[in-house]
Amino acid sequence: MAASEDLINFDVIESHKENIQALPSGRSAKALASLYSPPSFGNTPPSSHTQNLNDAIRHEYEKELLSIDDSDDPLDIYDRYVKWTLNAYPSAQSTPQSQLLPLLERATKAFLSSTHYKNDPRYLKIWLHYIRFFSDAPREAFAYLARHKVGDGLALFYEEFAAWLEGAGRWSQAEEVYSLGIDKGARPAERLLRKYGEFQHRYESCPHGANEPTSPALPTVRPALAAKMDPFLTAAPGAADPQARNRSGGAATAKPRGQKLAIFADTGVPAKPESREGSRGWENIGSLADRRKENAMEAKPWAGETLKVGKKNTGVEKMMIFKDE
């Protein structure tokens, strides 16, 4: 009897497998069969029964979040909440029915400034779910995590980022990310080295195009005004400032032919304070709705609006329809 209960009816999963979204950790076949099997009691439709059960479980998680400040491990609540949502809605994760997007946005924002969770694998996996399902610019999202040092000590961050770069054909940048993770001693180091070795084997056996980007995978982000590079710092150290010589009374030499005019730079001016407007964009990644607000039409009153209609008939005789007597 016990052996028959452990048998899984794969015919139930077969009709839904095209809509089931894959997860890196895999899915339980027993849980999927139980989810898609119709209830064996009452006359309640399967979809209505499942939705009512999910609403009750979601309500319990929301009650836990109301007292999250008293929890010894606040991330655990979000971690269990996200895992339940991924399992409860295997074929509707990206739909409003699952409410996965607002949940991931809440979870990622809640611990962004927490130094305790920055290198917690659970928090990084929540970010990876957000990037995998909803991010419209994955490379910028990975750079955002690196900017805030989220997962910089975990091998999983470099493995996932390098895998995305490799899938996009950015082989040089992927190799740079692997090397960066190894240099930082990301853990577990053995797994990262193994993944890097597998990548190198694929790198050597696959042809590469000449149009790969030469920019770094993780560019250094600098404030707009504070750390802006001076393009004239690369000039030769022996080059003299002609205007400085004129101020000291020296004779100005003739400018060699073809040499560009040197621009005067007053080194006595104190440095400007850091521009908060320039770095504010890195403080908050925002929500998906905010990034797509240009595509939403602003609501306005209909009073005084004129609806455009088709052209009116200006006297042209209508075409007679032939009727067979």
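Residues numbered from 1 in each chain as written. Predicted model: local features only at pLDDT ≥ 70, side-chain atom pairs only at ≥ 80, totals over all residues. Heavy atoms only, no water.

**A look at the packing of helix α7 (residues 121-134) against helix α9 (residues 155-167)**
And then number 1: Between α7 and α9, the shortest axis-to-axis distance is 10 Å and the interhelical angle comes to 15 degrees. One element, α7, and the other, α9, form an angle in the roughly parallel class. The element α7 and its partner α9 pack so that their crossing is right-handed. Two secondary-structure elements touch here, α7 through L124, K125, L128 and R132 and α9 through L156, F157 and E160. (Axes fitted to C-alpha atoms, helices over the stretch in contact; angles between N-to-C directions. Helix = DSSP H or I, 4+ residues; strand = E, 2+ residues; numbered from the N terminus. Parallel < 35°, antiparallel > 145°, perpendicular 65-115°, else oblique. Left-handed = near helix turned anticlockwise from the far one by under 90°. Contact = heavy atoms within 4.5 Å.)

**Focus: the pattern of salt bridges**
When their charged atoms lie close together, side chains carrying opposite charge are able to pair.
And then number 1: In this structure the tally under the stated criterion is 10 salt bridges.
And then number 2: Close ionic contact of R106 with E62 constitutes a salt bridge, the shortest N to O distance being 3.1 Å. Note that R106 is positioned in helix α6 (residues 100-110) and E62 in helix α4 (residues 46-66), a separation of 44 residues in sequence.
And then number 3: With a relative accessible area of 35%, R106 lands in the partly exposed category.
And then number 4: On the basis of relative accessibility, which here comes to 26%, the residue E62 falls in the partly exposed class.
And then number 5: With a closest N to O distance of 2.7 Å, R202 and E166 form a salt bridge. Of the two residues, R202 sits in helix α11 (residues 189-205) while E166 sits in helix α9, which places them 36 residues apart along the sequence.
And then number 6: Classification of R202 as partly exposed rests on a relative accessible area of 30%.
And then number 7: Of the residues examined, E166 reaches a relative accessible area of 16% and is grouped as buried.
And then number 8: Sharing partners across several salt bridges, the network here consists of E64, D76 and R80. (Salt bridge = Lys/Arg side-chain N within 4 Å of Asp/Glu carboxyl O. Buried < 20%, exposed > 50% of the residue type's maximum accessible area, 1.4 Å probe, protein only.)

**So, helix α10 (residues 171-183)**
And then number 1: In a regular helix each residue adds 1.5 Å, so 13 residues correspond to 18 Å; α10 covers 18 Å between its end C-alpha atoms and thus fits that length.
And then number 2: Within α10, burial applies to W171, Q173, A174, V177, Y178 and G181. Here the buried residues of α10 occupy an arc of 165 degrees about the axis, which is enough to place them on one side.
And then number 3: The positive-phi residue at the C-terminal boundary of α10 is G185, with phi of around 70 degrees. (Expected span 1.5 Å × (residues − 1). Arc of directions from axis to C-beta.)

**Section: the environment of A217**
And then number 1: For A217, the location among the structural elements is in the loop between α11 and α12 (242-248).
And then number 2: On a C-alpha basis, the gap between A217 and F161 in space is 9.3 Å, while along the polypeptide they are 56 residues apart.
And then number 3: Ignoring anything within four residues of it in the chain, the contact list for A217 reads R139, F161, L165, Q173, E176 and V177.

**Quick word on the environment of F134**
And then number 1: Relative to the helices and strands, F134 resides in helix α7.
And then number 2: For the pair F134 and E105, spaced 29 residues apart in sequence, the C-alpha to C-alpha distance is 10.0 Å.

**With respect to the nonpolar core**
And then number 1: Of all hydrophobic cores here, the largest spans 50 residues; its most connected members are Y78, W127 and L145.
And then number 2: Residue assignment for this core shows that the elements contributing at least two residues are α4, α5 (74-88), α6, α7, α8 (138-147), α9, α10 and α11.
And then number 3: Per-element tally for this core: the top contributor is α7, with 9 residues.
And then number 4: Once residues lying within four places of it in the same chain are set aside, the contact partners of L145 are L124, W127, I131, V150 and F157. (Core = buried A, V, L, I, M, F, W, Y, C linked by side-chain atoms within 4.5 Å.)

**Quick notes on the environment of L86**
And then number 1: Mapped onto the elements, L86 comes out in helix α5.
And then number 2: The exposure class of L86 is buried, given its relative accessible area of 4%.
And then number 3: Each C-alpha atom, one on L86 and one on S98, is 8.5 Å from the other, the two residues being 12 residues apart in sequence.

**A short note on the packing of α6 against α7**
And then number 1: One can describe the packing of α6 onto α7 by two numbers: an axis separation of 10 Å at closest approach and a directional angle of 140 degrees. Between α6 and α7, the crossing angle belongs to the class labelled oblique. In this structure, α6 crosses over α7, and the sense of that crossing is left-handed. On α7, the residues touching L100, L101, L104, E105, A107 and T108 of α6 are Y123, I126, W127, H129, Y130, F133 and F134.

**Examining the confidence of the model for the protein chain**
And then number 1: Confidence in the prediction of the protein chain, expressed as mean pLDDT, is 75, and 58% of residues score 70 or more.
And then number 2: No element of the protein chain has a lower mean pLDDT than helix α13 (residues 276-279), which averages 42, and none a higher one than α9, which averages 96.
And then number 3: Scored below 50 in pLDDT, residues 40-45 makes 3 contacts in the model with residues more than four places away or belonging to other chains.
And then number 4: When the criterion is pLDDT under 50, residues 271-282 qualifies, and its contacts beyond four places in sequence or with other chains add up to 10 contacts. (pLDDT = per-residue confidence, 0-100.)

**Observations concerning the packing of aromatic side chains**
And then number 1: Under the counting rule described, the total for this entry stands at 20 aromatic pairs.
And then number 2: Plain terms: the ring middles of Y61 and W84 are 5.9 Å apart, the flat faces sit at 40 degrees to each other, and that makes the pair tilted. You can see Y61 sitting in helix α4 and its partner W84 sitting in helix α5, a full 23 residues away along the chain.
And then number 3: You can call Y61 buried: its relative accessible area is 13%.
And then number 4: Here W171 and Y203 contribute two aromatic rings whose centre-to-centre distance is 5.6 Å and whose plane-to-plane angle is 5 degrees, an arrangement assigned as stacked. Of the two residues, W171 sits in helix α10 while Y203 sits in helix α11, which places them 32 residues apart along the sequence.
And then number 5: Grouping aromatic residues by their ring pairs yields a cluster made of W171, Y178, Y196, F199 and Y203. (Phe/Tyr/Trp six-rings, centres within 6.5 Å; stacked < 30°, edge-to-face > 60°.)

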